[in-house]
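As a plain string of letters, each chain reads:
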Amino acid sequence: MFRTLHLATYAGLLTLGGLASSASAAELKAVASFSIIADFAKNVGGDRVEISTLVPVDGDTHVYEPRPADAAALEQADVVLVNGLQFEGFMSRLIETSGTTAPVIEVSKGIEPLKAAEEEHAHHEGEEHAKAGLDQDHKAEEHADAGDDHGHEGHHHHGEFDPHAWQSIHNAEIYVKNIADAFCEADKAGCATYTANSEAYLAKLGELETEIKAAINVIPQDKRTIITSHDAFGYFAHEYGLKFIAAEGLSTEAEASAADVARLVDQVKEEKASAIFVENITNPRLVEQIAGETGLKVGGTLYSDALSGEDGPASTYIDMFRYNVNTIKAAILGS
Ligand SMILES: [Zn+2]
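The rules behind these values
Residues numbered from 1 in each chain as written. Predicted model: local features only at pLDDT ≥ 70, side-chain atom pairs only at ≥ 80, totals over all residues. Heavy atoms only, no water. UniProt positions renumbered as here; feature names shortened; annotations may be inferred. Helix = DSSP H or I, 4+ residues; strand = E, 2+ residues; numbered from the N terminus. Buried < 20%, exposed > 50% of the residue type's maximum accessible area, 1.4 Å probe, protein only. Contact = heavy atoms within 4.5 Å. Areas by Shrake-Rupley, 256 points an atom, 1.4 Å probe, with all protein chains shown as cover. Arc of directions from axis to C-beta. Pairing = 2+ DSSP bridges. Axes fitted to C-alpha atoms, helices over the stretch in contact; angles between N-to-C directions. Right-handed = clockwise from strand over helix to strand, strands pointing away. Donors = N, O, S within 2.8 Å, 3.2 Å for Na, K, Ca; no water. Salt bridge = Lys/Arg side-chain N within 4 Å of Asp/Glu carboxyl O. Disulfide = S-S within 2.5 Å. Parallel < 35°, antiparallel > 145°, perpendicular 65-115°, else oblique. Left-handed = near helix turned anticlockwise from the far one by under 90°. Nonpolar A, V, L, I, M, F, W, Y, C, P; charged D, E, K, R; others polar.

The protein is annotated in an unreviewed UniProt entry as Metal ABC transporter substrate-binding protein of Sinorhizobium saheli. Entered under Subcellular location (unreviewed entry) in the UniProt record, the comment concerning the protein runs "Cell envelope". In its Sequence similarities (unreviewed entry) section, the UniProt record describing the protein reads: "Belongs to the bacterial solute-binding protein 9 family."

In C-alpha cells form, the structure reads like this:
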C-alpha cells in the first residue's frame, strides 16, 4: 500500500515539474512539418512521442524559411512527418542539411489527390500573362516544357496536385492511419498504444464529419460560392459541396497581379459569391481590396494551412474544422 502511494506521488511530482515520469517518458522523437500534422501526431502518439513542429501556428508553409533549430530537431528525430504533394518546398534541402537518417513519412500517402484545377492553369498561364510578359520570373525553359503538367505551376514549386488534402476529414483519417503505422514501425513496443490512440481519434473524426455535413446541408445551393485569398480549399469543396474562388493559386508564393484581381472581381459578380474570407496564414490586404471592390463584407478568418495558437479558436484540427464551417455558415446565413 505504502509502495503504491509512494510511486503515485513520485510520478505526480515529476509531472508537476514539467518532466514526464520514467513510465511515460517519450520513447520516440517525431518532427512534424506543420501544425496540423503535429496535432494528428499528438493524438496518435500521446505521452510516448515528443513532437516538434517546424512551421509554427498561423505560419505559412508555402514560403517558410527554416531556422537553425529546425535542422537540430530533424537531426535528433526518430521519425519525420511531412504532408508531401510538394507542400513543403523548404523540406528536402533542410533534410539534407540536417543529416538526419530518420525515415521521412509522407502522411498524405494513399489519399486520392486532386489535380491542380484547370482554371488554376488558365489563371497562371493565361493569355494576358503571356502577352503582357507578367511572368517575368518564369524561365524560358520552363515554358518550353509546359506541355506536361509540371510546367503549369512554374515559379510556385508545386506539382500537378493540390497539396491541401487535410481539408477533407476523410483524408485526415488516412493521415492518422499513416502516422500510426509510422510510429508502430519506429517503436514496436508502443504499437498497441498508437493503435488504440488512433482508433479513439478516428472515432472523433467520424463524429466531426457527420456534424460538418449536417452544418453545410443547411446552406442553400445558390449561396455556396465563397472567396478566399489562396486556393487551399479544393478538397473541402470537393468533399462538402461548396465552391471556393481564390485570388492566388495553390501556393501563396506568387502574389496576385492586378489582372488576377480584376478577373476575380468580375467572377465574384458573375457567380454571385455569397461571402469572402481572410486566411490566418496570409496578409488580409488582398481580400480586403476585393471585398471593397465587390461590396462583399469580409466574413471572418478561415484557418487554411495552419492551426491557431492555444488561445485562438482553431488550436486543434477538430476545432479548426468546426470553426471554419461555423464561420462560413454565419457569414452566408447571417446568423
Ligand atoms: Zn496553401
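So, next bit.
1. Looking at the overall build of the protein
Along the backbone of the protein there are 13 helices and eight strands. Taking all 335 residues of the protein together, the buried fraction comes to 50%. If you take every contact in the protein between residues at least 6 apart in sequence, the share linking residues at least 24 apart comes to 68%. Here the protein has roughly 16,200 Å² of accessible surface; of this, 52% comes from carbon and sulfur atoms.

2. With respect to helix α3 (residues 68–76)
An α-helix turns once every 3.6 residues. As a result, residues three or four positions apart point the same way. Among all positions in α3, only Asp70, Ala71, Ala73 and Leu74 are buried. The arc that holds the buried residues of α3, viewed along the axis, is 160°, so those residues lie on one side. Where α3 is buried, its residues touch β1 (28–34), β2 (49–55), β3 (79–82) and α4 (91–98).

3. A closer look at the pairing of strand β6 (residues 243–246)
Sheet analysis places strand β5 (residues 225–228) next to β6, joined by four bridges and oriented parallel. In the sheet register, Ile226 faces β6, and the bridge partner there is Phe244.

4. So, the sheet that holds β2
Taken together, the four strands give an open sheet; going across it, the order is β2-β1-β3-β4, and neighbouring strands pair in parallel fashion. Looking at the sheet topology across the chains shown, the edges are occupied by β2 and β4 (104–106). Between one strand axis and the next, the sheet turns by 25° as a mean value, whatever way the strands run. The pairing of β3 with β4 spans three bridges and is parallel. Within the sheet, the bridge partner assigned to Leu81 lies in β4 and is Ile105.

5. Overview of the pairing of β5
Side chains Thr225 and Ile227 project from β5 onto one buried face, and the interleaved Ile226 and Thr228 project onto a second face that is buried too. Crossover β5 to β6 through helix α10 (residues 234–240) is right-handed. As paired elements, β5 and strand β7 (residues 275–279) share two bridges and run parallel to each other. Bridged to Ile227 within β7 is Ile276.

6. With respect to the coordination of the zinc ion
Distances from the zinc ion to its protein donors, namely His62 (NE2), His164 (NE2), His230 (NE2) and Asp305 (OD), fall within the range 1.9 to 2.0 Å. Sequence spacing among the residues donating to the zinc ion works out to H-x101-H-x65-H-x74-D. In this pair, His230 sits in the loop between β5 and α10 while Asp305 sits in the loop between β8 (298–302) and α13 (317–333), placing the two residues 75 residues apart along the sequence. The burial state of His230 is the same as that of Asp305; both residues are buried.

7. Notes on the sheet that holds β5
Spatial ordering of the open sheet is given by β6-β5-β7-β8, a layout of four strands whose pairing is parallel. The sheet is open, and its two borders are formed by β6 and β8, each paired with just one other strand. Strand-to-strand, the axes of this sheet are offset by a mean angle of 35°, without reference to chain direction. Strands in contact with helix α12 (residues 285–294) are β5, β7 and β8; relative to β7, the strand with the most contacts, it is inclined by about 165°.

8. Comments concerning the pattern of salt bridges
For the coordinates displayed, the defined rule picks out eight salt bridges. Between Lys188 and Glu185 there is a salt bridge whose closest N-O contact spans 3.9 Å. Here Lys188 matches Glu185 in class, with each residue exposed. For Glu211, the salt bridge is made with Arg322, and the minimal N-O distance between the two is 2.8 Å. In this pair, Glu211 sits in helix α9 (residues 191–217) while Arg322 sits in helix α13, placing the two residues 111 residues apart along the sequence. Owing to a relative accessible area of 35%, Glu211 belongs among the partly exposed residues under this scheme. Arg322 gets classed as partly exposed once you look at its relative accessible area, which sits at 31%.

9. Quick word on the state of the cysteines
Counted according to the given criterion, the structure contains one disulfide. A sulfur-sulfur distance of 2.1 Å marks the disulfide that ties Cys184 to Cys191. For the disulfide bridge between Cys184 and Cys191, the dihedral angle about the S-S bond is near 85°, and by the sign convention the bridge is right-handed. The buried category is assigned to Cys184, whose relative accessible area is 11%.

10. Here's the deal with the side chain of Asn178
Considering the arrangement of structural elements, one finds Asn178 in helix α8 (residues 169–186). Once residues lying within four places of it in the same chain are set aside, the contact partners of Asn178 are Glu106, Val107, Ser108 and Lys109.

11. A closer look at the packing of α3 against α4
It is at 8 Å that the axes of α3 and α4 come closest, and there the two elements cross at 65°. In terms of orientation, α3 and α4 fall into the roughly perpendicular class. The two elements α3 and α4 cross, and the hand of that crossing is right-handed. Contact residues: α3 offers Asp70, Ala71, Leu74 and Glu75, while α4 offers Met91, Leu94, Ile95 and Ser98. Split by residue class, the contact of α3 with α4 holds five nonpolar, one polar and two charged.

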